[in-house]
Amino acid sequence: MPGFLKEFLNRNGTGMGLAILGLVLFWTIVLIILPQVSMLDFSFRPNLPPPEIGGPKDIYTAENYKYLIFGPEGGSQDYNAVDLRVFFRTLVAAICVTIFNLILCYPIAYYLGQTKGNHIRIFALMLIIPYWINEILRAFALRIIFGETGVLNNFFVGLGVFDTPFDFIRNDIALYAGLGYAYILLMIFPIYNVIESLDRNQIEAARDMGASWIKIHRRVVIPYAKPGISSGCTMVFMLSAGALAAPQILGGPSSLWFTQLIYQQFNDNSDWPQGAAYAVVLLVTCILLVLAIMRLFKVNMGDIGK
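Just so we're clear, the structure is a prediction, and the values are computed from it rather than from any experiment.

Describing the environment of Lys116
Inference 1: When you line up the elements, Lys116 lands in the loop between α4 (81-114) and α5 (118-128).
Inference 2: Separated by 24 residues in sequence, Lys116 and Val92 place their C-alpha atoms 38 Å apart.

A short note on the UniProt feature "transmembrane region" (unreviewed entry) in the protein
Inference 1: The UniProt feature table records "transmembrane region" (unreviewed entry) at residues 15-34, 86-112, 118-133, 173-195, 228-250 and 276-297.
Inference 2: Secondary structure over residues 15-34 splits into 100% helix and 0% strand, and the C-alpha atoms at its two ends are 26 Å apart.
Inference 3: For residues 86-112, the end-to-end C-alpha separation is 38 Å, with 100% helix and 0% strand making up the annotated structure.

Here's the deal with a nonpolar patch on the surface
Inference 1: On the surface, Leu25, Phe26, Trp27, Ile29, Val30, Leu31, Ile32, Ile33, Leu34 and Val37 cluster together to form a nonpolar patch covering roughly 920 Å² of accessible area.
Inference 2: Assignment of secondary structure puts Leu25 in helix α2 (residues 14-43).

Digging into the pattern of salt bridges
Inference 1: Applying the stated criterion across every chain, the model contains four salt bridges.
Inference 2: Of the charged contacts in the structure, one is a salt bridge between Asp41 and Arg45, with a shortest N-O distance of 3.4 Å.
Inference 3: You can call Asp41 partly exposed: its relative accessible area is 27%.
Inference 4: A salt bridge links Arg200 to Glu204; the nearest nitrogen and oxygen atoms lie 3.4 Å apart. Of this pair, Arg200 and Glu204 both sit in helix α10 (residues 200-208), separated by four residues, roughly a single helical turn.
Inference 5: Among the residues examined, Glu204 registers a relative accessible area of 35% and is labelled partly exposed.

Quick notes on α10
Inference 1: The N-terminus of α10 is capped by Asp199, whose side-chain oxygen sits 3.0 Å from the backbone nitrogen of Asn201.
Inference 2: One or two residues past the end of α10 sits Gly210, with phi positive at roughly 90°.

So, the nonpolar core
Inference 1: Core analysis: the biggest nonpolar cluster contains 45 residues, and Leu112, Leu179, Ile188, Ile191, Ile195, Ile216 and Val221 have the highest contact counts within it.
Inference 2: Excluding its chain neighbours within four sequence positions, the residues that come into contact with Leu179 are Val97, Ala243, Ala246 and Trp257.
Inference 3: Within the second largest apolar cluster, 23 residues are counted, among which are Val281, Leu282, Cys286 and Val299.

Some points on the UniProt feature "domain: ABC transmembrane type-1" (unreviewed entry) in the protein
Inference 1: UniProt records the feature "domain: ABC transmembrane type-1" (unreviewed entry) at residues 87-293, using the numbering of this structure.
Inference 2: Taken end to end, residues 87-293 is 76% helix and 0% strand, and its first and last C-alpha atoms sit 19 Å apart.

Quick look at the packing of aromatic side chains
Inference 1: Applying the stated criterion across every chain yields a total of 15 aromatic pairs.
Inference 2: Relative to Tyr65, the ring of Phe44 lies with its centre 5.0 Å away and its plane at 40°, an arrangement referred to as tilted. Note that Phe44 is positioned in the loop between α2 and α3 (63-70) and Tyr65 in helix α3, a separation of 21 residues in sequence.
Inference 3: Among the aromatic side chains, those forming a connected cluster through ring pairs are Phe146, Phe155, Phe156, Phe162, Phe166 and Phe168.

Things to note about the side chain of Asn64
Inference 1: Secondary-structure assignment places Asn64 in helix α3.
Inference 2: Given the relative accessible area of 7%, Asn64 is considered buried.
Inference 3: Reaching out from Asn64, the side chain makes a polar contact with the backbone oxygen of Ser43 at a distance of 2.8 Å.
Inference 4: Discounting chain neighbours no more than four positions away, the residues touching Asn64 are Phe42, Ser43, Phe44, Arg45, Pro273, Gln274, Ala277 and Tyr278.

Describing the environment of Ile203
Inference 1: Looking at the secondary structure, you find Ile203 in helix α10.
Inference 2: The exposure class assigned to Ile203 is buried, which follows from its relative accessible area of 0%.
Inference 3: For the pair Ile203 and Leu68, spaced 135 residues apart in sequence, the C-alpha to C-alpha distance is 51 Å.
Inference 4: The contact partners of Ile203, leaving out residues within four places of it in the chain, are Tyr110, Gln114, Leu198, Trp213, Ile216 and Val221.

Observations regarding the environment of Ala292
Inference 1: Along the chain, Ala292 turns up in helix α15 (residues 272-296).
Inference 2: Given a relative accessible area of 43%, Ala292 falls into the partly exposed group.
Inference 3: A C-alpha to C-alpha distance of 32 Å links Ala292 and Ser212, two positions 80 residues apart in sequence.

Conventions used here
Residues numbered from 1 in each chain as written. Predicted model: local features only at pLDDT ≥ 70, side-chain atom pairs only at ≥ 80, totals over all residues. Heavy atoms only, no water. Helix = DSSP H or I, 4+ residues; strand = E, 2+ residues; numbered from the N terminus. UniProt positions renumbered as here; feature names shortened; annotations may be inferred. Patch = residues over 30% accessible without salt bridge, like charges linked within 9 Å, V, L, I, M, F, W, Y side chains within 5 Å. Areas by Shrake-Rupley, 256 points an atom, 1.4 Å probe, with all protein chains shown as cover. Salt bridge = Lys/Arg side-chain N within 4 Å of Asp/Glu carboxyl O. Buried < 20%, exposed > 50% of the residue type's maximum accessible area, 1.4 Å probe, protein only. Polar contact = N/O pair within 3.5 Å; in protein donor to acceptor, adjacent residues only side chain to side chain. Core = buried A, V, L, I, M, F, W, Y, C linked by side-chain atoms within 4.5 Å. Contact = heavy atoms within 4.5 Å. Phe/Tyr/Trp six-rings, centres within 6.5 Å; stacked < 30°, edge-to-face > 60°.

Structure representation (structure tokens):
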């Protein structure tokens, strides 16, 4: 028996340890690995009527992936410009949402982690309570707020900032705000958990040596909080790129999300192989992008798991 497994069983007890390992294996294999393997298998299959599935025509093919790049055969364009544009716009938008959340949440996480007192618990509770409401209901609430007759437009028109209501939805402001708001806790609490363990004496020592607040954060706090920042950015980016409810509800006519294309292939076109291929491409691209950024900023996989 490997040493780490023996230590785990000794620490948690044989029965409880085996139960935990069984649940983890069930979660990992049955709920994560097997569905992804099935999706990968679907992506290399042709779209056939049910009676022909498993027959001589049901052979592996890369046509579903070629369709994403080149579009239908005999099309008027050399490349599938529409789907590729939506794909890259989704990735860029997810990166922008992640950066926006990091800039917004880092000061909040630092304040929560380095400030003592009962009011911090109240502040944290105020952050959590809105997320007791379903994500779809929150998205509809944001649509009301950002609508032409919503709270924001009434406020700005009343102040004279706008002469006529501004279309926040058509300009994608509502969508990006909704995505940022949807995953804000996933950015705050990983950073907060790390900063909370930072010794306050290190900050005081840097202040005594004349370091500015910017240099303290750049040299002391941010390097220490790198595991939490990495974890938060990874979760926000992956979930933003794979979001569906917010783009459906808050997106304007020109803000088609790649997940909406996947949804259309599965449900509207009943083309499961094509939808599976699109889903695999999105998943693999997001994983590769996260690994590349981790390598760029010298972050280990173990840092994200802390």
